[in-house]
Amino acid sequence: MNEIFNLKRFGRLFYKHTTEHYKSYLMSITVLTCVLLLGGSFLVFLMDVRMELPLQLLLLGWVILFTGTIFTSTIFTDLGDDKKALGALTLPSTHFEKYLVAWLYSFVVFLAVSIGCFYLVMLFLLHAKHFPGPPLEIFSLFYRILGFGGNVLFIILILYSLFHSIAFLGAICFKKLHFVKTALIFFIVIAILITLNNVAMHYMIHRDIIQVVPFTSVGFMEKGKYYAVNPEDFVWTGQLVYIIVAFILWTAAYFRLKEKQV
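What you see is a predicted model, and the numbers here were worked out from it, not measured in a lab.

K.L.:
Before we go on, may I ask you to explain a nonpolar patch on the surface in this structure?
P.N.:
Nonpolar side chains collect at one region of the surface, where L37, F42, F45, L46, M47 and F124 lie side by side and expose about 600 Å² of accessible area between them. Counting residues per element, the nonpolar patch draws most heavily on helix α1 (residues 7-46), which supplies four residues. Topologically, M47 is positioned in the loop between α1 and α2 (53-73). Taking the relative accessible area as the measure of exposure, M47 reaches 47% and is therefore partly exposed.

K.L.:
Can you walk me through α1 in this structure?
P.N.:
Note: α-helices contain 3.6 residues per turn, so residues at a spacing of three or four share the same orientation. If you check α1, its first and last C-alpha atoms are just 51 Å apart, much less than what 40 residues at 1.5 Å a residue would give, namely 58 Å. Where α1 bends most, at H21, the angle is about 60°. Among all positions of α1, only R9, F10, L13, H17, H21, Y25, L32, L36, G40, S41 and V44 are buried. Along its buried surface, α1 packs onto α2 and α4 (95-128). The N-cap of α1, judged by a side-chain oxygen 3.1 Å from the amide nitrogen of K8 a few residues on, is N6. Of the residues flanking the end of α1, it is D48, one or two places downstream, whose phi is positive at about 50°.

K.L.:
What should I look at first to understand the confidence of the model for the chain in this one?
P.N.:
As a note on interpretation, predicted positions should not be read in detail where pLDDT is low. Across the chain, pLDDT averages 84, with 87% of residues at or above 70. Ranking the elements of the chain by mean pLDDT puts helix α3 (residues 82-89) last with 58 and α4 first with 93.

K.L.:
Help me out: how do you make sense of the nonpolar core in this one?
P.N.:
One broad rule of soluble globular proteins: the nonpolar side chains tend to lie buried together. Judged by nonpolar contacts, the single largest core of 52 residues is most densely connected at L60, I64, I75, F76, Y99, F139 and F168. Listing elements by their share of this core, those giving two or more residues are α1, α2, α4, α5 (152-173) and α7 (232-258). Ranked by the residues each element gives to this core, the list is headed by α4, at 16 residues. Ignoring any residue separated from it by four or fewer positions in sequence, one finds Y99 in contact with F168, W250, T251, A253, Y254 and L257.

K.L.:
Mind showing me how you'd approach the pattern of salt bridges here?
P.N.:
One side chain can pair with another of opposite charge once the charged atoms of both are near each other. In total, this model carries five salt bridges according to the counting rule given. In this structure, R256 engages E259 in a salt bridge whose closest nitrogen and oxygen atoms are separated by 3.4 Å. For R256, a relative accessible area of 27% gives the class partly exposed.

K.L.:
Whenever I open this one, the side chain of S41 confuses me. Can you help?
P.N.:
For S41, the position within the fold is in helix α1. Residue classification places S41 among the buried positions, given a relative accessible area of 19%. Once you skip the residues sitting within four places of it in the chain, S41 turns out to touch L46, F124 and L125.

K.L.:
Would you mind going over unusual backbone geometry with me for this structure?
P.N.:
One non-glycine residue with positive phi stands out, namely D48, at about 50°. Position of D48 among the secondary structure elements: in the loop between α1 and α2. What makes D48 partly exposed here is its relative accessible area of 48%.

K.L.:
Please explain α2 as it appears in this structure.
P.N.:
Its 21 residues give α2 an end-to-end C-alpha distance of 30 Å, which sits within 8% of 30 Å, the value for a rise of 1.5 Å per residue. All of the buried residues in α2 are L53, Q56, L57, L60, V63, I64, G68, T69, F71, T72 and S73. Summarising the contacts, the buried residues of α2 are in contact with α1, α4, α5 and α6 (178-205).

K.L.:
Looking at this structure, I do not really get the packing of aromatic side chains. What am I missing?
P.N.:
By convention here, two paired aromatic rings are described through the distance between centres and the angle between planes. Overall, the coordinates contain 24 aromatic pairs when judged by the stated rule. For the pair Y99 and F168, a centre-to-centre distance of 5.1 Å together with 90° between the ring planes defines the contact as edge-to-face. Of the two residues, Y99 is situated in helix α4 and F168 in helix α5; the sequence distance between them amounts to 69 residues. In this structure, Y99 and F168 share a single accessibility class: buried. When the centroid spacing of 5.4 Å and the interplanar angle of 65° are considered together, the rings of Y254 and F255 count as edge-to-face. Of the residues examined, Y254 reaches a relative accessible area of 17% and is grouped as buried. Judged by relative accessible area, F255 falls into the partly exposed class, the value being 46%.

K.L.:
Would you mind showing me how to read the environment of E52 here?
P.N.:
Its place among the elements puts E52 in the loop between α1 and α2. Between the C-alpha atoms of E52 and L126, which are 74 residues apart in sequence, the distance is 9.4 Å.

About the cut-offs
Residues numbered from 1 in each chain as written. Predicted model: local features only at pLDDT ≥ 70, side-chain atom pairs only at ≥ 80, totals over all residues. Heavy atoms only, no water. Patch = residues over 30% accessible without salt bridge, like charges linked within 9 Å, V, L, I, M, F, W, Y side chains within 5 Å. Areas by Shrake-Rupley, 256 points an atom, 1.4 Å probe, with all protein chains shown as cover. Salt bridge = Lys/Arg side-chain N within 4 Å of Asp/Glu carboxyl O. Helix = DSSP H or I, 4+ residues; strand = E, 2+ residues; numbered from the N terminus. Buried < 20%, exposed > 50% of the residue type's maximum accessible area, 1.4 Å probe, protein only. Expected span 1.5 Å × (residues − 1). Bend = angle between axes of the 7 residues up to and from the residue. Contact = heavy atoms within 4.5 Å. Polar contact = N/O pair within 3.5 Å; in protein donor to acceptor, adjacent residues only side chain to side chain. pLDDT = per-residue confidence, 0-100. Core = buried A, V, L, I, M, F, W, Y, C linked by side-chain atoms within 4.5 Å. Phe/Tyr/Trp six-rings, centres within 6.5 Å; stacked < 30°, edge-to-face > 60°.

Next up, the structure:
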């Protein structure tokens, strides 16, 4: 099949994937909503936690990054089963079309659904119990986060792109225990990068560096006080690096999928 992409053929493949997996996806959405509702109710009703904007954004980030990587790591589960892999790889469609269906579901569709579920749960929690003080407001995707060089949606897209690309590549590379194996490699690599980054920053500024992720703000102690350096240009550099790494991993995932044989 020489043609890389055909819209009509892609539409049929997308429809086929939807009809085969919609029940499990609906169940996953139900589980996610229930977990958010139960967890949020526990915080609000039992611990009297006010759902301030910073807490909402923190929970939103955790929900997207954690549940998103789990979902993405299972998007190519069929390739780990020899019987299912035979059917998946012999479909009359190109590798790019198969790749694009998985990418759209695990990135675009997941973000839209998870943010929608989170928003609905937050609306319920903010109106379910009255707290003294100024009224609580729900988060906005266009709320600008100081020190991060962008609004909520922009930061979510940057961070989720990186985590998604890692999980996406792991989903193709590993046949079993995709999430566990990918997470293990991820944390090992992050630990090595943090260690090397701290050593390099220590020799550059000659201060006791607080452990930080590369391409983020630099924190250090001096005379018992904590200082943080977070220049805007440095933040943009880090975000650019994350995007480049994500595109490299997405590309690697595509070529790894092309290597799959019946």
